[in-house]
Amino acid sequence: MCGIVGYLGHREAYPIIVEGLKRLEYRGYDSAGIALFDGTDLKVSKTKGKVVDLENLSEKEITKHGNVGIGHTRWATHGVPNNINSHPHLSNSGNLVIIHNGIIENYDSLKQELISRGYTFKSDTDTEVLVNLIEDVQNQEDVKLGKAVQVALNQVIGAYAITVFDKNKPEEIVVARLGSPLAIGIGVDEFFIASDASPFIEYTKDAIYLEDEEMAIIRKNKGIKIRKIKDDSLVAPYIQKLQLNLEEIEKAGYDHFMLKEIYEQPKAITDTYRGRLLRDQAIIKMSGVEDNIKKFLNANRVIIVACGTSWHAGLVAEYIFEDLARIPVEVEYASEFRYRNPVINEDDILIAISQSGETADTLAAIKLAKSKGAFVFGICNVVGSSIARETHAGAYTHAGPEIGVASTKAFTTQITVLTLMALRLARAKGTITSSDYHHHLLELEMIPNKVKKALEYDNHIKTIADIYKDATNCLYLGRGYNFPVALEGALKLKEISYIHAEGYPAAEMKHGPIALIDENMPVIVIATKKGHYEKVVSNIQEIKSRKGKIIGIVTQGDEQVRELADHVIEVPETLESLSPLLTTIPLQLLSYHIAVMLGKNVDQPRNLAKSVTVE
Ligand code: F6R
């Protein structure tokens, strides 16, 4: 949460920072700010609102010249989103300027201490405390900025990625990270700093990702020194070659990133199984699984931890792992798991699922499981992310950057990876017949084309969206493999259209939610042919008797549900275990169109941020 951008070099910093902040707005968009050193003085401009509001303000407020600067787009933690709480924050002397992503948990005691020493504060933020703490160290110990940052950070409890500089020494920027990501792009006599590499991808492909508890002192003509925050030891910089392309982070003609990402799913799923699903050889090749196959085969159980949409992918995996590989699975919200003193043994395997690879609760759950001796496997989309680095082994989803805040292609590609894993393990354990295994491989290979077919119903879904866009509540029902899809469909509608929606196992409807059903209640029922079709049809009858409006997600050619439902949306036929990869598509499109029709900001829904790096 919160996006950080910085520049130190020979170009104008302003356009790099502002364009970079726009690319990082998925991380938070409550307020935005920039600090530029214009050659003689520091100019700070900040405002509640989005980066475009900052641009409008900057037109009037600050000169846009200068080769050193830092910028921030905020997702508020301490202090409401307003102009004063926006970053950057200055120290009392006005010399130091900082931007920060994360939370300083002990900020209040540090603040009281600083107040007792005469410091004053303008904002309610923990960040302003940190910049004054750094200044206080400088004053007390007469040390350089890098040392002062290090000493101050050793007093801090919490998570951070920070970027700070002194207006009297603008040829140097100090950055540090613990729990929030920070990348440094390295050009020729220039440096870029950002929460991810997207702000500097057109300038350099060389980047250093700081590790937790590391800080870097970046000097204009002297390069970078990386140190451990705790003990000051030097770390040799590891420069990575970035694979990211500019086109991947642009909208490519779509109105929204979310729509682009929905339409990218056939390719994303293919990219996920490419090189792993080798159907002609009848094998699944995943090095993270292969290298640890004994651990998987001897595991007592698999515990899956994740949040939000990734948690829904975990629920789908519970069905497929148990069904095909006969491995007991528990799926937990990472935020609950980490705090409930769970029983974890050395023969447990923890699978952590995260698109961003930065979700604080998931990361904490991983650390907990590792401390108890469990083997931890990560499924992430963002290469080199904290979770990818923290796990013992893992598999990337290769979905490409997901920028829309509502997760779409991350979900289907996570399910694809989990399906490959379940099939590989089922084969190794002998819990799947050879013909069933081959059938799965064949069907999985055909999924991208079937997703394309499901996308062809877009216009029809738009018509349905128009009919139900003014609903205030919606119910999503599914059974078996499609129960998690119902949860995911409801989440998608809630988060981007702000319509209240609930997902339920269809049979649970009778135990409460049925009371909500009347002629105003749209009920979206996933009723594909394979699985518990007849049972779901009975549930549809029950809804119809109570005059609920039924939107059925059905298998192509279905007649029975068509007779009962107010509308049907068809998806191609596939195996029950693979059906979530198809049934989720119309639900994504339905939410998207409703949100657009209601005039909501689809890519940046209120109060949300793409990666939740605070707990
Ligand atoms: C929903 C959504 C969130 C994320 C959740 C976990 O559309 O995007 O619910 O799924 O915050 O994020 P990751 O997968 O990055 O750990």
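Here the structure is a predicted model, which is why all the values come from computation and not from measurement. Just so you know, the residues in each chain are numbered from 1, in the order the chain's sequence is written. A pLDDT threshold of at least 70 governs which residues receive local features in this predicted model, and a stricter bar of 80 or more applies before side-chain atom pairs are shown or counted, although totals over entire chains, interfaces and linings include all residues. The side-chain figures draw on all heavy atoms in the structure; neither hydrogens nor water molecules are used.

**Q** Any details on the overall build of the protein chain? Residues and values, ideally.
**A** In this description a helix means any DSSP run of H or I spanning at least four residues, a strand means any run of E spanning at least two, and both kinds are numbered starting from the N terminus. Looking only at helices and strands, one finds 20 helices and 27 strands in the protein chain. Taken over C-alpha atoms, the radius of gyration comes to 25 Å for the protein chain, in line with the 25 Å a tight globule of 615 residues would show. Its C-alpha atoms give the protein chain principal-axis dimensions of about 80 × 55 × 45 Å. A 1.4 Å probe rolled over the protein chains alone gives each residue an accessible area, and that area as a share of the maximum for its type sets the label: buried under 20%, exposed over 50%, partly exposed in between. Relative to its full complement of 615 residues, the protein chain shows a buried share of 61%. Counted over contacts in the protein chain with a minimum sequence separation of 6, partners at least 24 positions apart contribute 71%. Note on areas: Shrake-Rupley, 1.4 Å probe, and residue coverage restricted to the protein chains presented here. In the structure as shown, the protein chain presents an accessible area of about 23,200 Å², 48% of it carried by carbon and sulfur atoms. Neither His nor the chain termini are counted; the positive set is Lys and Arg, and the negative set is Asp and Glu. The atoms used to mark charge sites are NZ of Lys, CZ of Arg, CG of Asp and CD of Glu. Here the protein chain contributes 69 positively and 81 negatively charged side chains, and the mean placements of these two sets differ by 1 Å. Restricting the calculation to C-alpha atoms gives the radius of gyration, and the globule rule supplies 2.2 Å times the number of residues raised to the power 0.38. Residue contacts are counted whenever heavy atoms from the two residues lie within 4.5 Å of one another.

**Q** So what's going on with the pattern of salt bridges? Which residues, and what values?
**A** Every case where a carboxyl oxygen of Asp or Glu lies within 4 Å of a side-chain nitrogen of Lys or Arg is listed as a salt bridge. In this structure the tally under the stated criterion is 35 salt bridges. Across the salt bridge formed by Lys-267 and Asp-271, the nearest N and O atoms sit 2.7 Å from each other. One end of the pair, Lys-267, and the other, Asp-271, are both in helix H7 (residues 265-273), four residues apart, so they sit about a helical turn from each other. What makes Lys-267 exposed here is its relative accessible area of 56%. Lys-492 is paired through a salt bridge with Glu-495; the nearest N and O atoms lie 3.2 Å apart. You can see Lys-492 and its partner Glu-495 sitting in helix H17 (residues 483-497), three residues apart, about one turn around the helix. Comparing Lys-492 with Glu-495 shows no difference in burial state: the two are buried.

**Q** Tell me about the UniProt feature "domain: SIS" (unreviewed entry) in the protein chain, and please be specific about residues and values.
**A** Taking the UniProt record as the reference, the feature "domain: SIS" (unreviewed entry) is found at residues 292-431 and 464-605. The straight-line gap between the two end C-alpha atoms of residues 292-431 is 19 Å; of that span, 47% is helix and 20% is strand. In this annotation, residues 464-605 is assigned 39% helix and 21% strand; the end-to-end C-alpha distance for the span is 22 Å. UniProt positions are given in the numbering used here, feature names are shortened, and annotations may be inferred rather than shown by experiment.

**Q** Just give me the short version of the nonpolar core, but keep the residues and values in it.
**A** By convention a nonpolar core is built from buried Ala, Val, Leu, Ile, Met, Phe, Trp, Tyr and Cys residues, the set being connected through side-chain atoms within 4.5 Å. By size, the foremost hydrophobic cluster in this structure holds 89 residues, and its most contacted members are Phe-321, Ile-351, Phe-377, Met-421 and Tyr-476. Aside from chain neighbours lying at most four places away, what touches Ile-351 is Val-302, Ile-303, Ile-304, Val-305, Phe-321, Phe-377, Ile-379, Leu-418 and Met-421.

**Q** Could you give an account of the pairing of strand E11 (residues 206-209), with specific residues and numbers?
**A** Paired strands, as defined in this entry, are two strands with at least two bridges between them according to DSSP. Pairing analysis gives three bridges linking strand E9 (residues 183-186) to E11, with the strands arranged antiparallel. Residue pairing for E11: Gly-185 is matched across the bridge by Ala-207. Strand direction decides the pairing type here: E11 and strand E15 (residues 240-241), joined by two bridges, are antiparallel. For Ala-207, the partnering residue across the bridge sits in E15 and is Gln-240.

**Q** Which residues make up the pairing of strand E18 (residues 301-306), and what values do they have?
**A** Most of E18 is tucked away, with six of its six residues classed as buried. Of the two faces of E18, the one holding Arg-301, Ile-303 and Val-305 and the one holding Val-302, Ile-304 and Ala-306 are both buried throughout. Direction of pairing for E18 relative to strand E20 (residues 348-354): parallel, over a ladder of five bridges. The residue bridging Arg-301 from the neighbouring strand is Asp-348, located in E20. Relative to strand E19 (residues 329-333), E18 runs parallel, the two sharing five bridges.

**Q** Describe the site of the ligand, listing the residues and the values that go with them.
**A** As a structural note, the neighbourhood of the ligand is formed by 14 residues, with Ser-310, Ser-354, Ser-356, Thr-359 and Glu-495 the closest of them. What qualifies as a polar contact is a pair of N or O atoms within 3.5 Å, subject to a donor-acceptor requirement within protein and to the restriction that residues adjacent in sequence count only when both atoms come from side chains. Side-chain polar atom of Lys-492 to an oxygen atom of the ligand: 3.0 Å apart, as the coordinates give it. Contact between the ligand and Glu-495: an oxygen atom at 2.6 Å from a side-chain N or O atom of the residue. Within the complex, the protein chains bury 90% of what would otherwise be the 400 Å² of accessible surface of the ligand. Of all the secondary-structure elements, those providing two or more residues to the shell around the ligand are helix H10 (308-325) and H17. Each residue belonging to the shell around the ligand can be placed in one class, and the counts come to four nonpolar, eight polar and two charged. Nearness of a residue to a molecule or strand requires only that one of the residue's heavy atoms be within 4 Å of it. Gly is placed with the polar residues, together with every amino acid not listed as nonpolar (Ala, Val, Leu, Ile, Met, Phe, Trp, Tyr, Cys and Pro) or charged (Asp, Glu, Lys and Arg).

**Q** An account of helix H14 (residues 409-429) is requested, with residue identities and associated values reported.
**A** Take the number of residues in a helix, subtract one, and multiply by 1.5 Å to get its expected span. For H14, with 21 residues, the first-to-last C-alpha span of 30 Å sits near the 30 Å given by 1.5 Å per residue. Burial within H14 is extensive, with 18 of its 21 residues counted as buried. Phi turns positive one or two residues past the end of H14, at Gly-430, with a value near 75 degrees.

**Q** Any chance you could break down the state of the cysteines for me, citing the residues and the numbers?
**A** Note that a disulfide, as used here, is simply two cysteine sulfur atoms within 2.5 Å. All told, the structure shown has zero disulfides when counted by the stated rule. With no disulfide of its own, Cys-2 lies 18 Å from the sulfur of Cys-307, the closest cysteine sulfur. Classification of Cys-2 by relative accessible area gives buried; the value is 6%. Here Cys-380 stays free of any disulfide, with the sulfur of Cys-307 as its closest cysteine sulfur at 12 Å. Under the relative-accessibility criterion, Cys-380 is labelled buried at 1%.

**Q** Give a detailed account of the side chain of Asn-482, specifying residues and quantitative values.
**A** Mapped onto the secondary structure, Asn-482 falls in the loop between strand E23 (473-478) and H17. The buried category is assigned to Asn-482, whose relative accessible area is 4%. Excluding residues that lie within four positions of it along the chain, Asn-482 makes contacts with Ile-526, Thr-528, Ser-579, Pro-580 and Thr-583.

**Q** With reference to specific residues and values, describe the sheet that holds strand E27 (residues 567-571).
**A** Pairing is parallel across the open sheet formed by five strands, whose spatial order is E24-E23-E25-E26-E27. What marks the edges here is a single partner per strand, and that holds for strand E24 (500-505) and E27. Going across the sheet, the axis of each strand differs from the next one's by a mean of 20 degrees, ignoring polarity. Note: E23 against E24, six bridges, orientation parallel. Considered in E24, the bridge of Tyr-476 is made with Gly-503. Note on geometry: axes are C-alpha line fits, over the in-contact stretch for helices, and angles between N-to-C directions span 0 to 180 degrees.

**Q** Go over the packing of helix H15 (residues 434-455) against helix H20 (residues 580-597), please, and point to the residues and values.
**A** Following both chains from N to C, one finds H15 and H20 inclined at 25 degrees, their axes separated by 9 Å at the closest point. Comparing their axes, H20 and H15 come out roughly parallel. For the pair H15 and H20, the crossing hand works out as right-handed. Residue-level inspection shows Leu-444, Ile-447, Lys-450, Val-451, Ala-454 and Leu-455 of H15 in contact with H20, the latter providing Leu-581, Leu-582, Ile-585 and Leu-589. For the contact of H15 with H20, the per-class residue count stands at nine nonpolar, no polar and one charged. Here roughly perpendicular refers to angles of 65 to 115 degrees, roughly parallel to angles under 35, roughly antiparallel to angles over 145, and oblique to all remaining angles. In this scheme, a crossing is called left-handed if the near helix is turned counterclockwise away from the far one by less than a right angle; it is called right-handed if the turn is clockwise.

**Q** Describe the sheet that holds strand E12 (residues 214-219), with residues and values.
**A** Taken together, seven strands build an open sheet; the order of strands is E5-E6-E7-E8-E12-E13-E14 and the sheet is antiparallel. The sheet terminates laterally at strand E5 (89-90) and strand E14 (234-235), the two strands that pair on one side only. As paired elements, E12 and strand E13 (residues 223-228) share six bridges and run antiparallel to each other. Paired with Glu-214 across the bridge in E13 is Lys-228. Docked against the sheet, helix H4 (residues 126-141) engages E5, strand E6 (96-104) and strand E7 (158-166), running at close to 125 degrees with respect to E6.

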